[in-house]
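The chain contents come next:
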Amino acid sequence: MYDIVHTANDVLKERYILGAELSGKYGIPKLKKINADVNGLKSVPFSEARKEKNPKKSVVHCFLDDCKFETLWREPMKSIETIFNFKYVIPPDFSFYSDMPLSLQIYQVYRMRAIHHFLSETGIQCIPVVGWSGEESFDFCFDGLPEGSTLAVSTNGCFAKSGMECYRKGFSEMCNRLNPKRVIVVGKEIEVKEDVEIQYLDSFCQSMKKRLETDNG
């Protein structure tokens, strides 16, 4: 279990992983599995969480531009009271891409696991987020994720031909390595061949489109 903070005022935010078991050669925090069923629940983007009137029947997610949830990394306690009221929370999916330095990609995966661990330690029901860049990221992007758990992914930005191919390869690798109980997909459907239960939630853009259609009635 990780039990030390090395820097004055914890500038590295090691407090986020206190009590965590570290996994893999990069020391990525290991997350606990969860059996989360989001059927019938509403999806709410983190940027709209404070406005939600029925959080107990909603899932708040962070599949947004990184700038819209970076505050959750910098000062999580300012958002705890709001997101604690939701049925489930899908923590930050920090972006990383295949043309980024490998060190930066690994750091983004570390941050995803670290903030998840911190939030879950407060009692928030967090669904582990899975993300990958290219096949080279398979060496580290699944580190710390639980087997046999509900997991969450997004199809945002995956609808170019190369993007759909990357999504399908990563989805298949995720299922082979982690054997998820269920996968929550935030965004439009991309057909996959894996035999796993998939539940879909609206992305931010889908939610906004439905809201506009309702307002214009």
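A quick note: this is a predicted structure, and the numbers were derived from the prediction, not measured.

Novice: For this particular structure, what's the right way to read the packing of aromatic side chains?
Specialist: Here the distance between the centres and the angle between the planes together describe a pair of aromatic rings. The final tally for this structure, using the stated rule, is 11 aromatic pairs. Ring geometry for Tyr 16 and Phe 118: centres 4.9 Å apart, planes at 45°, overall tilted. With Tyr 16 in the segment before strand S1 (22-23) and Phe 118 in helix H3 (residues 102-121), the pair connects residues that are 102 residues apart, well separated along the chain. By relative accessible area, Tyr 16 is classed as buried at 0%. Look at Phe 69 and Phe 94: their rings are 5.5 Å apart centre to centre, the planes differ by 65°, and that puts the pair in the edge-to-face class. With a gap of 25 residues between them, Phe 69 in the loop between strand S4 (58-61) and helix H1 (70-74) and Phe 94 in the loop between strand S5 (88-90) and H3 connect regions that are remote in the sequence. Both residues of the pair, Phe 69 and Phe 94, belong to the buried class.

Novice: For this particular structure, what's the right way to read the sheet that holds strand S7 (residues 182-186)?
Specialist: As a general point, the strands of a sheet are linked pairwise by backbone hydrogen bonds and lie either parallel or antiparallel. Pairing within the open sheet is parallel, and its three strands lie in the order S6-S7-S8. Every other strand in the sheet has two partners, leaving strand S6 (150-154) and strand S8 (197-201) as the edge strands with one partner each. Ignoring strand direction, the axes of neighbouring strands in this sheet form an average angle of 25°. With five bridges connecting them, S7 and S8 associate as parallel partners.

Novice: Hey, could you run me through the environment of Phe 86 in this one?
Specialist: Tracing the sequence through the fold places Phe 86 in the loop between helix H2 (77-83) and S5. You can call Phe 86 buried: its relative accessible area is 6%. The spacing of Phe 86 and Cys 126 is 40 residues in sequence and 10.0 Å in space, taken between C-alpha atoms. Setting aside anything within four residues of it in sequence, one finds Phe 86 in contact with Val 44, Ala 49, Glu 52, Pro 55, Ser 58, Val 59 and Val 60.

Novice: Looking at this model, I keep getting lost on the nonpolar core. Mind explaining?
Specialist: For soluble globular proteins, the rule of thumb is that nonpolar side chains tend to be buried together. Within the largest apolar cluster, 64 residues are counted, with the highest numbers of intra-cluster contacts made by Ile 90, Leu 119, Trp 132, Phe 142, Val 153, Phe 171 and Met 174. If one sorts the elements of this core by residue count, H3 sits on top with eight residues.

Novice: Whenever I open this one, the sheet that holds strand S3 (residues 42-45) confuses me. Can you help?
Specialist: Sheet architecture is open: three strands sit in the order S3-S4-S5, paired in parallel fashion. Looking at the sheet topology across the chains shown, the edges are occupied by S3 and S5. Ignoring strand direction, the axes of neighbouring strands in this sheet form an average angle of 25°. Strand direction decides the pairing type here: S4 and S5, joined by three bridges, are parallel. Considered in S5, the bridge of Val 59 is made with Tyr 88.

Novice: I would appreciate a short explanation of helix H4 (residues 161-178) in the present structure.
Specialist: Along an α-helix, residues three or four positions apart point the same way, because every turn accommodates 3.6 residues. The end-to-end C-alpha distance of H4 is 26 Å, a good match for the 26 Å that 18 residues give at a rise of 1.5 Å each. Within the sequence span of H4, burial applies to Gly 163, Tyr 167, Gly 170, Phe 171, Met 174, Cys 175 and Leu 178. One side of H4 holds all its buried residues, which, seen down the axis, span an arc of 135°. Residues of H4 that are exposed and angled more than 90 degrees away from the buried face: Lys 161, Ser 162 and Asn 176. Taken together, the buried residues of H4 touch S6, S7 and S8. Where H4 ends, the next residue or the one after it, Asn 179, has phi of about 45°, a positive value.

Novice: So what exactly am I meant to see when it comes to the pairing of S7 here?
Specialist: Burial analysis of S7 places five of its five residues in the buried class, the great majority of the element. Where burial is concerned, the two faces of S7 agree: the one with Arg 182, Ile 184 and Val 186 and the one with Val 183 and Val 185 are both buried. Pairing analysis gives five bridges linking S6 to S7, with the strands arranged parallel. The residue bridging Thr 150 from the neighbouring strand is Arg 182, located in S7.

About the cut-offs
- Residues numbered from 1 in each chain as written.
- Predicted model: local features only at pLDDT ≥ 70, side-chain atom pairs only at ≥ 80, totals over all residues.
- Heavy atoms only, no water.
- Phe/Tyr/Trp six-rings, centres within 6.5 Å; stacked < 30°, edge-to-face > 60°.
- Helix = DSSP H or I, 4+ residues; strand = E, 2+ residues; numbered from the N terminus.
- Buried < 20%, exposed > 50% of the residue type's maximum accessible area, 1.4 Å probe, protein only.
- Pairing = 2+ DSSP bridges.
- Axes fitted to C-alpha atoms, helices over the stretch in contact; angles between N-to-C directions.
- Contact = heavy atoms within 4.5 Å.
- Core = buried A, V, L, I, M, F, W, Y, C linked by side-chain atoms within 4.5 Å.
- Expected span 1.5 Å × (residues − 1).
- Arc of directions from axis to C-beta.

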